[in-house]
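Chain and residue survey
Residues per chain are reported as follows:
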Amino acid sequence: MNKFKNKLKLIINYVLGKIYFKFFYKKKITTKKFLFTIGAPRSGTSMLGNILNQHPNILLSHENRTLQKILENNFSFRNAVQSCVEQSILEHENIKKIKFRNFQSQWIKNTNYKKVEKEKIEVIGDKKSGGNAILYKKFSDDFENLIKKNNKILFLAIIRNPYNAAKSYLKSHHHEVKNLNEAVDKILERNFYAFKLKKKFSDRVKIIHYENFLNNPKENMINICSFLKIKTSKKWLNFINLDYKKNTSYKTNCSSQELAYIKNKIDPDYINYYNKYF
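Cut-offs and rules
All residue numbers refer to positions counted from 1 along the written sequence of the respective chain. Residues qualify for local features only when their pLDDT is at least 70, as the model is predicted, and side-chain atom pairs are given and counted only at 80 or more; totals for whole chains, interfaces and linings, by contrast, use all residues. Where side-chain values are given, they derive from all heavy atoms of the structure, hydrogens and water being excluded. For helices the rule is a DSSP run of H or I covering at least 4 residues; for strands it is a run of E covering at least 2, with both sets numbered from the N terminus onward. Exposed residues in this analysis have more than 50% of their type's maximum accessible area, buried residues have under 20%, and partly exposed residues fall in between, with area computed by a 1.4 Å probe over protein chains only. Working rule for contacts: check all heavy atoms of both residues, and any pair within 4.5 Å makes them a contact. Accessibility throughout is a Shrake-Rupley quantity obtained with a 1.4 Å probe, and a residue counts as covered only by protein chains that appear here. To get an axis, fit a line to the C-alpha atoms, keeping to the stretch in contact for a helix; angles then go from 0 to 180 degrees between the N-to-C directions. For classification, angles of less than 35 degrees are called roughly parallel, those exceeding 145 degrees roughly antiparallel, those between 65 and 115 degrees roughly perpendicular, and all remaining angles oblique. Throughout, the ten residues Ala, Val, Leu, Ile, Met, Phe, Trp, Tyr, Cys and Pro are labelled nonpolar, Asp, Glu, Lys and Arg are labelled charged, and all others, Gly among them, are labelled polar. Classification of ring pairs uses Phe, Tyr and Trp, with its six-membered ring standing for Trp, and accepts pairs whose centres are within 6.5 Å; under 30 degrees between planes counts as stacked, over 60 as edge-to-face, and the remaining range as tilted. Only when the NZ atom of a Lys or the CZ atom of an Arg is both within 6 Å of the ring centre and within 35 degrees of the ring normal do we say a charge sits over the ring. Each patch is built from residues that are more than 30% exposed by relative accessible area and take part in no salt bridge. Like charges join if they lie within 9 Å; nonpolar side chains (Val, Leu, Ile, Met, Phe, Trp, Tyr) join within 5 Å. Between Lys or Arg on one side and Asp or Glu on the other, a salt bridge is scored when a side-chain nitrogen of the former is within 4 Å of a carboxyl oxygen of the latter. Two helices that cross are described as forming a left-handed crossing if the nearer one is turned anticlockwise from the farther one by less than a right angle, and a right-handed crossing if clockwise. The nonpolar core is taken to be a set of buried Ala, Val, Leu, Ile, Met, Phe, Trp, Tyr and Cys residues, with the residues joined through side-chain atoms within 4.5 Å. Values of pLDDT, ranging from 0 to 100, describe the predictor's confidence in every residue of the model. Paired strands, as defined in this entry, are two strands with at least two bridges between them according to DSSP.

The next thing to look at is the overall build of the protein. A tally of helices and strands in the protein yields 12 helices and 5 strands. Counting across all 278 residues of the protein, residues that qualify as buried make up 49%. A separation threshold of at least 6 residues defines the contact pool for the protein, and within that pool the share at least 24 residues apart is 79%. Accessible area for the protein stands at about 14,900 Å²; split by element, carbon and sulfur atoms hold 49% of it.

With that settled, the discussion passes to the packing of helix α5 (residues 129-138) against helix α6 (residues 140-149). The geometry of α5 relative to α6 is characterised by a closest axis approach of 5 Å and an angle of 110° between their N-to-C directions. Considering their axes alone, α5 and α6 lie roughly perpendicular with respect to each other. Residues N132, L135, Y136, K137 and K138 of α5 pack against S140, F143 and E144 of α6. Looking at the contact of α5 with α6 residue by residue, the class counts come to 3 nonpolar, 2 polar and 3 charged.

Geometrically, a pair of aromatic rings is defined through the distance of the ring centres and the angle of the planes. Within the structure shown, the criterion is met by 10 aromatic pairs. Ring plane angle 85° and centroid distance 5.3 Å describe the contact between F34 and F77, whose orientation is recorded as edge-to-face. Here F77 lies in helix α4 (residues 77-92) and F34 lies in strand β1 (residues 29-37), a separation of 43 residues in the sequence. With a relative accessible area of 23%, F77 lands in the partly exposed category. Counting every residue linked through ring pairs, the aromatic cluster contains F36, Y136, F143, F155, F192, Y193, F195, Y270, Y273 and Y274. It is K196 that lies over the ring of Y136; its NZ or CZ is 5.3 Å from the centre.

As a further point, take a nonpolar patch on the surface. Together, V15, I19 and F23 make up an exposed nonpolar region whose accessible area comes to about 260 Å². Inspection of the secondary structure puts F23 in helix α1 (residues 2-23).

What the rule picks out here adds up to 7 salt bridges. Here E72 and K138 are joined by a salt bridge, their closest N and O atoms 2.6 Å apart. Within this pair, whereas E72 is found in the loop between α3 (66-71) and α4, its partner K138 is found in helix α5, the two being separated by 66 residues in sequence. K120 is the partner of E122 in a salt bridge, and the nearest nitrogen-oxygen pair spans 3.8 Å. Judged by its relative accessible area of 10%, E122 falls in the buried class. When salt bridges with common partners are traced through the structure, they connect K32, K120 and E122 into a single cluster.

Between α5 and helix α8 (residues 180-200), whose axes approach to 9 Å, the crossing angle comes to 65°. Of the possible angle classes, the one that applies to α5 and α8 is roughly perpendicular. Pair α5 / α8 crosses with left-handed handedness. Residues G130, A133, I134, Y136 and K137 of α5 lie in contact with α8, whose contacting residues are E189, R190, Y193, K196, L197 and K200. Split into classes, the residues belonging to the contact of α5 with α8 amount to 5 nonpolar, 1 polar and 5 charged.

All right, on to the nonpolar core then. I38, L67, F143, F155 and L197 are the most contacted members of the largest nonpolar core, which has 50 residues in total. At 9 residues, α8 tops the list of elements feeding residues into this core. If we ignore the near neighbours within four places in the chain, the residues touching I38 are S129, N132, A133, Y136, F143, F155, L156, A157, Y193, A194 and L197. Within the second largest apolar cluster, 25 residues are counted, among which are M47, L214, C225 and F239.

Confidence in the prediction for the protein averages 84 pLDDT; 80% of positions are at 70 or higher. Taken as a whole, residues 98-113 scores under 50 in pLDDT and shows 36 contacts with residues more than four places along the chain or in a different chain.

In this section: the sheet that holds strand β2 (residues 58-62). Read across the sheet, 5 strands follow the order β2-β3-β1-β4-β5 without closing on themselves; strand pairing throughout is parallel. This sheet does not close on itself; its edge strands, each paired only once, are β2 and β5 (205-209). Each strand of the sheet is rotated relative to its neighbour by a mean of 25°, with strand direction disregarded. Of the strand pairs in this sheet, strand β4 (residues 153-159) and β5 are connected by 5 bridges, and their pairing is parallel. For F155, the partnering residue across the bridge sits in β5 and is V205. Strand contacts of α8: β4 and β5, with the helix running at about 135° to β5, the strand carrying the most contacts.

What follows is the structure, given as structure tokens:
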């Protein structure tokens, strides 16, 4: 009975969403860029996506799995992007309810959250970093060909201290990993595909570090806007300047054995992305 109710609820929400998008949503969408995240989970991507969604010209869906629909489920690019557009709008209008307001509550004051009215949507995208890294691993040629065929596609990766990311991953995904070493392996592997993509398409991939972002949020967001070729908004920059955990350390508080394991697992070609942590 519960499965039936859940399925019925999904169908009703889908139909209502379609009706709303077709007849009531009047904002102008002039998509200039498609932005996707790639890399490891538990690295601040949800927080980053939440802040980007406060920009009047950016709208990201929460795990629409747009690229998966194209590469694995045989959606056309147009149909997959349309589903991303619809989901992100419904989420933003709070018709499809998600927990965007609760992301990283230890750093962002939820009471200050206010929905920004979208002036003109120029950047549409999806936040699914780990999933997109896995897709790149499984469908590397198709993944790269998709980027080559569409010069509007851009990627954003946020890198966190791998030990801290692994500890968080072990806690939140204990059904997937049995111990810290397994969690480290997953974090490093998914970051590897972000670095590989950056090496292949240097001007289409932007990499930032989680700790630097927390210490310099405005500077990082201005750089991201420059990467996307869109203007910054004063209202948006004021939203960024909330109650962040300042002076976040890059250093890893782990044992010498754990540190040796991490260093041994890092691909030598991309060690420079991790130097600041050790």
